[in-house]
Every structure is written in structure tokens, then in C-alpha cells.
Amino acid sequence: MKAEKTAHRVNWTGQAPLITLIVLCVATALLTSRFLSPLNLTNILVQSSIMAVIAMGMTFVIVGGGFDLSVGSTVALSGCIAGMAMLKFGIFAGVVAGIAAGAVVGFANGLVVAMLRVNPFIATLGSMVLVRGVVYIITGGAPVSGEDGLPSAFIAFGSARVFGIHYLVWVPALLLGALSALLYLTPYGRRVYATGGNKEAAYLSGVNVQRVIASTYIWCGALAGVAGVMLAARLQSGQPTAGEFYELTAIAAVVLGGASLQGGEGTLYKSVIGVFIMIVLGNGLNLLNVDSYWQRVAVGAVIVAAAAADRLRSRN
Amino acid sequence: MLKFRTLALVGAMLLPASLLLASAPVRAEDKITIGVSLPQDDNPFYIGMLKGIRARAGELGWDVATVSSNEDKLKQINGVQDLVAKGVKGILISPIDAVGVNAAYDAAAAAKIPIVSLARGSTSPNQTIHVAMDEVQVGRDIAEWTANKLGGKGKVAMLLGPSGAPTFRNLAQGYNEVMAKYPDIQIVFKSDGPLTRERGLKNTEDALVANPDLKAIYAANDDLALGAMQAVLAANRNGQTIVTGMNGVPPALRAVKEGNIAMTVELNPVLWGRLGVDVLATFLKGDKVEPRVFIKHVVIDSSNVEEVLAKMAPPKS
């Protein structure tokens, strides 16, 4: 609806995330020649990869009108389960078990939010704490790396490259293509946007809104599972404390990418741009040797500004 | 109104970049810069360590670039990558986990930058040097002191550190080793988790409910000990249940002076930071350095706490 209304104008505000990112990159590049070095550019891609996968899952939930605070705990759960399964049954089983664990958490969140109609903020706040507890129980609080470490092929997945690009970067790149097709080209995708935009209207036009909402949580959980497996490879171990506060970074990135917390609006690739903004800002501040206390102030200010920009845009 | 909105939007888009511009320091590029990555930037121990690093680096005419991680392993890896991209000459790191941040060591090694672990160590083959405390020995010293104080009998609770960190495993190993020699000392309570005052308080409350006749509490660091102390005071067990700490941070030293914490081990973080810089300097000069360098530790109790506090007082920077 919104797209139709503004189609005849140059919709530059829709490109705000991209413009922000470009301006940020140009400014950083002007301040330090190191920014554009091939090493640093690869670093930025790798550093963004895991959060990009989480943010894509979060986009599903937010477009569907929901919210998911449990992704950080899910990342830890999936990483630890993947590690444990891998040590017993091999890499493939580990990866599958890790992603499945994420999907199960998503399914449970979906049930509670869509069927029991619990406010998503509270429901996922609960599962965030609960899942973290489960992680500590199954691991006994200790990192999962076995006697001789996780399989070396799996650890290589966390640092090796194919066609010059890290495996960790290929994952979000391929997922972005596939999930964008799902969300923009299929009837299912249209139902997600319709449900998030106006639940009543979607229901009246025959959409099974409960099922659609539940499905967005399953996507979010499964993608957090993928991220958990990637993180386990990166950290060469399943880490029960991993992923703390990732939910907040993911939500901030999705909002930076122009999604509306009211639902019905949001774009996968723009959420990824939102992740890039957060990572490039952190990277630039590190390269420029900015005090870590000030880094927190800067990141917080950017999040507030993004949310404010979201409100300004939606009133246009 | 539309104009205001447009302006505000443009402002929001420019904000990240302008924050960078505003914060960009002006400096000479020809100085040697070393990178520092510590697990926390709001913990007195690491604040002290960074102070020592900055002071010693300043004396050598070096610049220090820090990246923060706040106990997030991925963030520590990313920060070290940023330091490598920045072109630092050497890196001082206190790894959050012995395995979890090995990718940070790999990043430094790939760029042929020496990476020295301070305090906590890593299993990575790419760790250049580890400036460590003799953890097992510290654990033994604490246990020996406690056993003496208890006259060789009584119930003891142990508040351990995060289970992944080898430092705290080694401390506990030394402690248990000595306590095993005393048949009348029983370890009745054990818990692991984060090194916070809050946890020290809660766990001690629980331990005291379960064992009202608890004689001693081993706390893996001073923050835990300060929390344990609060619980002991609240239960009116002061003097009957002794608390031991580890690290020698100023609030714990004051508590030793007031008799609320029985003993702690001073691992002067400022000296640790200075030693780290010196070790790195020696290595960069091309001289041989052992892969493991030990820092001295001192047992502090009521007999010598005044001295230590007096020594700390003058150089207030």
C-alpha cells in the first residue's frame, strides 16, 4: 500500500539505511586508510555474517508483527547442542541437531504467542531465560569442545574460504537470496506482510493468521540455530554464555534497516544493511582507537536515531 | 513541518558518520602502537591492568589502542581482527575463554603480529607468550593459610569461577590438593558461575542456610569474596565464618584491614600490565622470552595489609 502511494515520487527515504551505510563508510575511509584494506573489508564481512543470519530471522518475526527476545539464548543452545551431537555422531548430525534445536525453540515461541496469544515481549522474555537455563543444565556450564576439540573440518568452516570468500559469509549470502524469494515472490510471503500489516483484514480475507505468526517464530528460531552453529565453528566450541544481548543487536539492526516495530514493514536485505551499519561503526571506532566507554554512547545514540527516523518516515 | 522531518531524517542518516568524525583523534602515525583486548572494561582488575599497560607503554613512547569485548567471545575476536587491520605491532590479550577466542590468535599469527596473553591463557598454538600467575600454587597457598586458621578442621564452601576458564580450575585444583591432606576439613558446598559480587552474596546466603556451622568460604576472586562477606555479616557470622579472596583489589584490601575478609592474594594488576608490556618489548627486540612468564603473588592478611595499602596510596594517577 505504502509503496503504491509513493511510487510516483523519488522514494529516497526508503533508501535511508543504504545512504547511512555509504556515508559512514566514506567517512571512515577518509579518516583511516586502513578501513579499505582488503583485510579489513573481509573482516567486516566475517564479523557481520552471524548477526546477519539472526537479523534475517528477526525480520520475519517483526514483519509479522511480533518480537523475539530469545534469539541470543537460542544461539547458545544451538551451538552447544551442535557441539555435543557432533562429538558423538559427526559433523552433519551436529549441524542438523543445532538448527533443529533452534526451530524447536521457535516453534514453542510461536505456540505461546500465536495460539495462547501471550504478548510476544513477555513470552520471548520468558523463553530467553528458560532456554539459557536449559543450556547451562545440558552443558553443566562448561564450554563444549570435547577432549580433543570439535572436528577439525567443522572448525575450518569457521575460518576457511571458498572462492576467496569465507564460508561464514556464504551462509547469509545464500540465505538472503533464498529467503527474499520466499518472502517477496510466494503467497506465503504476502500472507506474512498482510498479517503483520493488519491482522483483522488478513483474517477476514482468509489468512490463517495464527499459523502465519507461528511460522515466523519458527523461521526466527531456525535461523538463530544456523547462527548458533556458525558461532560454534567460529568459537571452536559450544559456549553456554554465547549470544548474550544478541537479541538487542539484532532488533536494533532490523530497525536500522527500516522495519517498523508495528509490523507489516521490513526488508531482509535492508536488515542486513542495518547489521553492516552496526558492525562498520564498531569497526571504525576500533580503527580510530575510540575509548570503549564512548563506543557504547555512540552505538546507543545510533539506535535511538534509527528508531526516531522510523517514526518520522512513517508519518510522511 | 515536512522540512523539519526531512532535516531530521538527514540528520539521523549522518549521525553514525559524524560520531566517527567527532571522535577521530589526531596523532602522529610513526609511533609504535600496541593493541590491547581485555575481557571487561568495567572491572577494577582489568582497569588496573590497563592502567599499568598505558603507563609502561607511555614510558617506552608507545601508543596503546584498546578494543572492548565485555565477556563476549565473538566481540573479542572481532576486536583483535580490528587491531590487526589497524596495523599494531603487538597485541596484549586476556582471553575470555581458553578455546573460544582462538580465532583471535589465528588472526594475529596470520599477520605475523606477536600476541601475548595476560592473566588468563589460551590453548592456541599461536599464543606467543603467556604472562601468568602460578595458579595452582596460589590455590595451594590459600588452602594452606585457611587450614592453618581453622586448625585443620571444619566445613568449607567453595565459590568457583566460570567453569570454562582454566585459571579458576587450576586455583581450585591447588586448593583441593592441599585440603585433601586435612581429613577433618570437609568441602560441603561448591558452585561455579560469573565472578560477581551479586553471585557471591546469593551463593553464600544459600551455603549458610544449608550449613550454619560453615567455617570458611573460598571465593575465586575478590568480587565474589566481597559478596560473600556481605552475606556473612548479614548472618552475624563475622569472625566465625572466614572469607578468602583472590586478586587484591582495593575494596578487598580495605575489607581485609577491617577484618571482614580474612585474606586475599595480591596479583597487582597494574604490575601485571607493566610486565606484559615489558615482555612484549623484549620479544619485539628479538630477545628470547620463555613461553610462560610468572608474575609474583603475595598473600595479604591482617599482618601485612597496612603496608600494602600504604604502598598503594601515594601514586594516585
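The model shown is predicted, which means the values in this text are computed figures rather than measured ones. (Residues numbered from 1 in each chain as written. Chains lettered and ligands numbered in written order. Predicted model: local features only at pLDDT ≥ 70, side-chain atom pairs only at ≥ 80, totals over all residues.)

(A) Representation of the overall build of chain B. A count of helices and strands for chain B gives 11 helices and 12 strands. Seen through its principal axes, chain B has C-alpha atoms that stretch 70 × 65 × 40 Å. When burial is assessed residue by residue, chain B has 53% of its 317 residues classed as buried. Pairs at least 24 residues apart make up 73% of the contacts formed inside chain B by residues separated by at least 6 positions. (Helix = DSSP H or I, 4+ residues; strand = E, 2+ residues; numbered from the N terminus. Buried ≥ 20, exposed ≤ 12 C-beta atoms within 10 Å, placed from the backbone. Contact = placed C-beta atoms within 7 Å.)

(B) View of the sheet that holds strand 6 (residues 154–159) of chain B. Residue and element names in this part refer to chain B. Spatially, 7-6-8-9 is the arrangement adopted by the 4 strands of the open sheet, whose pairing is parallel. With partners counted over all chains shown, the strands left at the sheet margins are strand 7 (185–191) and strand 9 (242–244), one partner each. Averaged over all neighbouring strand pairs, the angle between strand axes comes to 20 degrees, with direction disregarded. As paired elements, strand 8 (residues 214–219) and strand 9 share 3 bridges and run parallel to each other. Considered in strand 9, the bridge of I217 is made with V243. Against the sheet, helix 5 (residues 135–150) touches strand 6, strand 7, strand 8 and strand 9, its axis set at about 165 degrees to strand 8. (Pairing = 2+ DSSP bridges. Axes fitted to C-alpha atoms, helices over the stretch in contact; angles between N-to-C directions.)

(C) Structural detail: the interface of chain B and chain A. Counting residues at the interface gives 41 residues for chain B and 54 residues for chain A. If you list the elements that add at least two residues to the side of chain B that touches chain A, you get helix 1 (2–23), strand 2 (63–67), helix 3 (73–86) and helix 4 (102–110) of chain B. If you tally residues by element for the side of chain B that touches chain A, the top one is helix 1 of chain B, at 13 residues.

(D) Representation of the sheet that holds strand 4 (residues 115–118) of chain B within the structure. All names here are of chain B. Strand order across the open sheet formed by 6 strands is 2-1-3-4-5-11, with parallel pairing between neighbours. The open sheet has two edge strands with one neighbour each: strand 2 and strand 11 (292–295). Ignoring which end each strand starts from, the neighbouring axes of this sheet average 20 degrees apart. In this structure, strand 4 lies alongside strand 5 (residues 129–133), joined through 3 bridges in parallel fashion. Pairing of V116 across the sheet is with I129, part of strand 5. Running over the sheet, helix 2 (residues 44–60) touches strand 1 (33–37), strand 2, strand 3 (90–93) and strand 4 and is turned about 155 degrees from strand 2.

(E) Examining the nonpolar core more closely. Residue and element names in this part refer to chain A. With 203 residues, the main nonpolar core has I54 and A55 as its most contacted residues. Of the residues forming this core, the biggest block, 18 residues, is contributed by helix 11 (residues 209–234). Setting aside residues no more than four positions away along its own chain, I54 makes contact with V71, V75, L223, A224, A227, Y246 and A250. (Core = buried A, V, L, I, M, F, W, Y, C linked by C-beta atoms within 7 Å.)

(F) Fine view of the pairing of strand 5 of chain B. All names here are of chain B. Taking every second residue as pointing to the same face, the buried face of strand 5 carries I129, V131 and M133, while none of H130 and A132 on the other face is buried. Bridge analysis of strand 5 against strand 11 gives 4 bridges, and the strand direction is parallel. Among the inter-strand pairings, H130 is bridged to a residue of strand 11, identified as R292.

(G) Highlighting the pairing of strand 6 of chain B. All names here are of chain B. Among the 6 residues of strand 6, 6 are classified as buried, and the element is accordingly described as predominantly covered. Relative to strand 7, strand 6 runs parallel, the two being bridged by 6 bridges. Paired with L159 across the bridge in strand 7 is S191. Judged from the 5 bridges that link them, strand 6 and strand 8 form a sheet pairing that is parallel. Considered in strand 8, the bridge of M158 is made with Y218.

(H) Seen up close, the confidence of the model for chain A. Looking at chain A as a whole, the pLDDT averages 90, with 95% of positions reaching at least 70. Residue range residues 1–8 of chain A is modelled with pLDDT below 50. Its contacts to residues more than four positions away, or to other chains, number 1 contact. (pLDDT = per-residue confidence, 0-100.)

(I) Structural view of the environment of A:T124. Residues and elements named next belong to chain A. Along the chain, T124 turns up in helix 6 (residues 120–139). Here T124 falls in the buried class, since 28 other C-beta atoms lie within 10 Å of it. Between the C-alpha atoms of T124 and V26, which are 98 residues apart in sequence, the distance is 38 Å. Those residues within four positions of T124 in sequence are excluded, and the remaining contacts are F67, D68, L69, S70 and N109.

(J) Region of the structure containing the confidence of the model for chain B. With 95% of its residues at a pLDDT of 70 or more, chain B has an overall mean of 89. Across the predicted assembly, pTM comes out at 0.78 and ipTM at 0.81.

(K) Local environment of unusual backbone geometry. Residues and elements named next belong to chain B. Even without glycine at this site, E71 takes up a positive phi of about 65 degrees. Of note, E71 is situated in the loop between strand 2 and helix 3. Look at E71 and you get partly exposed, because 16 C-beta atoms sit within 10 Å. Located in the positive-phi region is K112, a residue other than glycine, with phi close to 60 degrees.

(L) Looking closely at the packing of helix 4 (residues 71–89) of chain A against helix 6 of chain A. Residues and elements named next belong to chain A. Where helix 4 contacts helix 6, the axes come no closer than 8 Å and their chain directions differ by 25 degrees. On the basis of the axis angle, helix 4 is roughly parallel to helix 6. Here helix 4 runs over helix 6; the crossing is left-handed. Contact residues: helix 4 offers G72, S73, T74, A76, L77 and C80, while helix 6 offers M128, V131, R132, V134, V135, I138 and T139. Class assignment for the residues of the contact of helix 4 with helix 6 results in 8 nonpolar, 4 polar and 1 charged. (Parallel < 35°, antiparallel > 145°, perpendicular 65-115°, else oblique. Left-handed = near helix turned anticlockwise from the far one by under 90°. Nonpolar A, V, L, I, M, F, W, Y, C, P; charged D, E, K, R; others polar.)

(M) Seen up close, helix 10 (residues 269–285) of chain B. Residues and elements named next belong to chain B. Between its terminal C-alpha atoms helix 10 stretches 24 Å, which fits the 24 Å expected from 17 residues at 1.5 Å a residue. Within helix 10, the full set of buried residues consists of P269, V270, W272, G273, R274, L275, G276, V277, V279 and L280. Of the surrounding secondary structure, the elements contacted by the buried residues of helix 10 are strand 1, helix 2, strand 3, strand 4, strand 5 and strand 11. Directly after helix 10, the chain includes G286, whose backbone phi takes a positive value near 100 degrees. (Expected span 1.5 Å × (residues − 1).)

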